[in-house]
Amino acid sequence: MNRLSAKISWILTNIGLILISAGLLQAAELSPSLNDILINPIEDDSLISIIIFVDDDAGRDYAARTSTMPGMTLKERHFNVIENLKAANPAATQNIKNEILGIYPVANIRSYWVAPALVFEIPVSKLDRIAAISGIASIIENGQAELIEPVDETPVSMTAKMATVYSHLTALNIPAVWQKGITGKGRLVCSFDTGVEGTHPALSSKWRGWTTGSEAAFFAPNSTDTIPFDKTGHGTHTMGLMVGSTRIDSFGVAPGAEWITAAVIDQGQTLSRTIEDILLAFQWAMDPDGNSATIDDMPDVILNSWGIPTSLMQPCDQTFYQVIDNVEAAGIVTIFAAGNEGPDAMSLRIPANRASSLLNSFAVGAIDHTTNTIASFSSRGPSSCDTTQIKPEVVAPGVSIYSSTKNSSYVLKSGTSMAAPLIAGMVALFRQYNPDVTVSEIKNAILESCHDLGATGEDNMYGHGLPDADLALQYLPSPPAPDIYISAHYIGGDKIADPGETFDLYMRLEIPSGEIDSVQAELVCFEEGVEIINNRTLFVFQQKNTSAVNLTPFEINFADAFFNGQKIPFKLLITFPYSEEIDTLALEITVGHEPAGNMVTHVTPRLEATVSDIGQIGYGTGSIFPAGESGFTLDQSENLLYEAGIIVGRSAVQLSSSVRDTQAYAYESDFSPLQELATSYPDIDGGFRSYCRMVDTESDLPLPVSISQSMSSYNDSGNDNFIIIKYYLVNNTLTAMNNVYFGFLADFDLDDSGDRVGFDTGSDMVYQTGDGLYTGLLPLTKYNGILSMKNDGGKIGLDRQTKFAYISSEGILIDDTADADFMTIVSFGPFNLASGDSVEVALAMLAARGMDELVSSVNRAIDRYTGFTEVQESQGILPASFVLDQNYPNPFNPTTTIAFELNRTSKVELTIFNTLGQKVRTLYDGVVTTGYHEITWDGRNSGGEEVGSGIYFYRLRCGSSVETKKMMLIK
């Protein structure tokens, strides 16, 4: 602002002060605490934080009109309200900003659109001049919001956690709504509270942030944590009453709903929790993802367990009126706990005491639901704004209410902040029933459903009474068409829809409203290779049940060309009785068996090879487990590999395998991913590398052993027809593991009429040839034996005894007498692994168009494995000295493992840092030998103290090379 503008602003402000003192101009309304400051000035001209609300009658009127406009969808209301609020009266707000800066040029002014508000700090001596600025409706002190504390709590032991339906739910007739299939599925709730323990077993799976990211699911202006936390347990308790459930029981009203939260109330630590935080939270909750065109991120309801003391504001202060109205105009129901200051009359807090209309500022009192009498602590009406207005609106159970709390525990608590979430959870149920129902329609339905308690009619203890959730559905507008969805589908026979098979299909339809007797259904599919032999059936909902299974099955045939894991899309066309309207439901059927692991295909100019993180290689057409992948091809040939996988064991009993079973199937593996398959480029030698870690937990008797698998392929000419596979067997137990054998099985199919096998004594490579193609297996570390066997009479099955006999047999046995269908096993060991010890097994898979090319490739594969460092250095290329893997698990609690691989003995330093760049702990600093290594971090700093939840970085320094990766700790 230039000097002339500042001078004009000063003159206008002082003219305003003169007019105010003469009674000719109305000053802005000040909150009580600010009035006291003006009346009794303090000598120290300290800074005070204030909130200015700008006059905005047009915006207020628009929000009111929008909330009641007929025919608008929830999405339309949300978009229109937010965009109009953001665009409302910018000139007036800017003029006020300019005048503020004229009075106090260094003011840090923060603007909001949820209501036209400005927040800043200013010296007390300048407050009267700020109050004189034209266009300001009110000014309040940016004081603290207070939690409505429970009046008592009682811990609950886990052994006492037995009930399946709790009495606080039956008192509101919630189970009757669940029986209609309405559990809050697809809906979202929000709390303004002390936060929520995001890892609590009753709540963790329902946090929206796992799928959308934390920014749109957790708001904490005084914390950098990205995972929801709760220092006191209060917010975890109230959220549990809205959505909480476990496998054993459901104590939340809407167990099918998801949740987000704003941690803006007392968090059990010294943090600023101001009224501005509440404004921020309301603005965030209206549009968490910042896109007003979307509503899946917007909660259906906001539970408020806070209130403003009247010492900060007038008893009928309207600070939050416009905020609440704007939020509700956008489609969000706001529910307030009445307060725990009973039995005194007029004891509701601000803004729960609002009574400017029947439906706004919906306050909930508490009853003892075992006697249906008001709780002594429950705040009473009438409203302190207008003593003719009755408060609260309704009551709900609030004495000794069971729910979740911090540290994954459970507790009984009493208070109106236990009653309010029960009503808030009902909103999610109503929005599932009719997603476009308005805020007013929801509140009206709750009031109309109430059972009168206490004195006849509405009164200042019970309000309208105790709501009935099932009855309230009758007062809501019916959805335009019944909500109907496919909740499950079943394949007849063996429950698998294999390629080439004709099978029966059954579906279960759900209609939560329970208003339909039957529907006609037609199944359609436009995917080539699908034949629907019987495409029509009837679903009958007997006695108004909410679910039904088709009376006769759909009959379907899948083509032979389909592959395991392929998703086939179908459409189910539903025709309702007495209606021409058709509802279309989507359905996917998985062909065959879903692949158990993750897959990556290495692609070079000549070779393609698909690998998984469950120990299997292949998945191509014609393989033992066709899953739509490349398998193993050369020069764009058909798939050459029927099967490849690993076997590890100490005996025929203690053995784990990823290859075929006794029936010659390989649908399952004894290995599961410990670290999912990941790729990186370039590798330390310029190749393309995939990496994973497996553990044999799926075996009947695990060793147990973890296996790190690293596969490398190369794009440079001459090296593009082979892959190198390294396996690191790690003994993670506390005892020694002796006599461990490892085997790699490969079954190549090159010629339909049969192949020949051979052994190259110069390189110890076993090879196979047919139809002008050559494939080879080349052990790169010391091996135990090489066997080539015939699949006589078709692909043979392998039992445990046979597998162990193969991997423990010494020497070379190659049956090269005639053409046949062969499989080959290269075995390694036996290994004796001390606790924490590891051993490397490596081999190469090669393919060529002739024997000379195959032998030449052998030499290059050996060079790549053993001599690439010297080759690259001679060419002036300095390779990286290590590979740093992603920690696993990630996120983790409380420990995680960091793995790395060195290509030469080196001095290394592994260090943990926080997001501020501060060193947390040095895990290792010393010399490490060539090979694979793992180091575990227990989540503690260098002082032995547990660190908090959040993002951390680990850095590996090896000589002049440094690499850093990110990890997340969740508590």
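Provided above is the structure to which this section pertains.
Residues numbered from 1 in each chain as written. Predicted model: local features only at pLDDT ≥ 70, side-chain atom pairs only at ≥ 80, totals over all residues. Heavy atoms only, no water.

Visitor: Summarise the overall build of the protein chain; cite the residues concerned and give the values.
Guide: Helix and strand counts for the protein chain come out as 17 helices and 52 strands. Taken over the C-alpha atoms alone, the protein chain extends approximately 115 × 70 × 55 Å along its principal axes. For the protein chain, the proportion of its 971 residues judged to be buried stands at 56%. A total accessible area of about 38500 Å² is found for the protein chain, and carbon and sulfur atoms account for 50% of it. When the 59 basic and 117 acidic side-chain charges of the protein chain are each reduced to a single mean position, those positions are 5 Å apart. (Helix = DSSP H or I, 4+ residues; strand = E, 2+ residues; numbered from the N terminus. Buried < 20%, exposed > 50% of the residue type's maximum accessible area, 1.4 Å probe, protein only. Areas by Shrake-Rupley, 256 points an atom, 1.4 Å probe, with all protein chains shown as cover. Lys, Arg positive; Asp, Glu negative; His and termini not counted. Charge placed at Lys NZ, Arg CZ, Asp CG, Glu CD.)

Visitor: Please set out the pattern of salt bridges residue by residue, giving values where relevant.
Guide: Summed over the entire model, instances satisfying the criterion amount to 34 salt bridges. Its salt-bridge partner being Arg693, residue Glu934 comes within 2.9 Å of it at the nearest N-O pair. With Glu934 in strand 50 (residues 931-937) and Arg693 in strand 35 (residues 688-695), the pair connects residues that are 241 residues apart, well separated along the chain. Linked through salt bridges whose partners overlap, the residues forming this network are Glu643, Arg660, Asp747, Asp749, Lys795 and Asp821. (Salt bridge = Lys/Arg side-chain N within 4 Å of Asp/Glu carboxyl O.)

Visitor: Tell me about the sheet that holds strand 4 (residues 117-123), and please be specific about residues and values.
Guide: Read across the sheet, five strands follow the order 1-5-2-4-3 without closing on themselves; strand pairing throughout is mixed. Only two strands of the sheet have a single neighbouring strand rather than two, namely strand 1 (29-30) and strand 3 (110-112). Contacting strand 2 (47-54), strand 3, strand 4 and strand 5 (136-141), helix 5 (residues 90-103) crosses the sheet at an angle of about 5° to strand 4. (Pairing = 2+ DSSP bridges. Contact = heavy atoms within 4.5 Å. Axes fitted to C-alpha atoms, helices over the stretch in contact; angles between N-to-C directions.)

Visitor: Could you give me a rundown of the packing of aromatic side chains, with the residues and numbers involved?
Guide: Taken as a whole, this structure holds 25 aromatic pairs when the rule is applied. Centroid distance Phe251 to Tyr410: 6.0 Å. Interplanar angle 85°. Geometry classified as edge-to-face. You can see Phe251 sitting in the loop between helix 10 (234-243) and strand 10 (258-263) and its partner Tyr410 sitting in strand 18 (residues 409-414), a full 159 residues away along the chain. Of the two residues examined, Phe251 and Tyr410, each falls in the buried class. Where Tyr665 meets Tyr667, the ring centres are 5.2 Å apart and the plane angle is 20°; that geometry is what we call stacked. Using a relative accessible area of 25% as the deciding quantity, one classes Tyr667 as partly exposed. Connected via pairs of aromatic rings, a cluster forms that spans Tyr166, Phe251, Tyr402 and Tyr410. The ring of Tyr321 carries Arg354 above its face, with NZ or CZ at 4.1 Å from the centroid. (Phe/Tyr/Trp six-rings, centres within 6.5 Å; stacked < 30°, edge-to-face > 60°. Lys NZ or Arg CZ within 6 Å of the ring centre and 35° of its normal.)

Visitor: Can you lay out helix 5 for me, pointing to particular residues and giving the numbers?
Guide: Turn by turn, an α-helix covers 3.6 residues, leaving residues three or four places apart pointing in a common direction. Between its terminal C-alpha atoms helix 5 stretches 20 Å, which fits the 20 Å expected from 14 residues at 1.5 Å a residue. Those residues of helix 5 not exposed but buried are Thr93, Ile96, Glu99, Ile100, Gly102 and Ile103. (Expected span 1.5 Å × (residues − 1).)

Visitor: Please give an account of the environment of Met851 that cites residues and values.
Guide: The topology assignment puts Met851 in helix 17 (residues 851-874). Using a relative accessible area of 24% as the deciding quantity, one classes Met851 as partly exposed. Counting along the chain gives 82 residues from Met851 to Thr769, while the straight-line C-alpha distance between them is 8.8 Å. In this structure, Met851 is in contact with Met765, Tyr767 and Tyr774, ignoring residues within four places of it in sequence.

Visitor: Give a description of the environment of Pro155 that names residues and reports values.
Guide: Here Pro155 lies in strand 7 (residues 152-156). Look at Pro155 and you get exposed, because its relative accessible area is 68%. Note: C-alpha distance between Pro155 and Val411 (256 residues apart in sequence) is 4.4 Å. When near neighbours in sequence (up to four residues on either side) are disregarded, Pro155 contacts Tyr410 and Val411.

Visitor: An account of the packing of helix 13 (residues 416-433) against helix 14 (residues 439-448) is requested, with residue identities and associated values reported.
Guide: In contact at an axis separation of 11 Å, helix 13 and helix 14 are set at 120° when each is read in the N-to-C sense. The way helix 13 lies across helix 14 gives a crossing that is right-handed. In this structure, helix 13 uses Ile423, Val427, Phe430 and Arg431 to contact helix 14, whose residues at the interface are Val439, Ile442 and Ile446. The residue inventory of the contact of helix 13 with helix 14, partitioned by class, reads six nonpolar, no polar and one charged. (Left-handed = near helix turned anticlockwise from the far one by under 90°. Nonpolar A, V, L, I, M, F, W, Y, C, P; charged D, E, K, R; others polar.)

Visitor: Tell me about the nonpolar core, and name the residues and values.
Guide: The tendency in soluble globular proteins is for nonpolar side chains to be buried side by side. Core analysis: the largest hydrophobic core is formed by 125 residues, its most contacted members being Phe192, Phe282, Met286, Trp306 and Ile423. With 12 residues, the top contributor of residues to this core is helix 13. Formed by 48 residues, the second largest nonpolar core is a distinct cluster that contains Val600, Phe632, Met737 and Leu777. (Core = buried A, V, L, I, M, F, W, Y, C linked by side-chain atoms within 4.5 Å.)

Keep in mind these numbers describe shape, not what the thing actually does.
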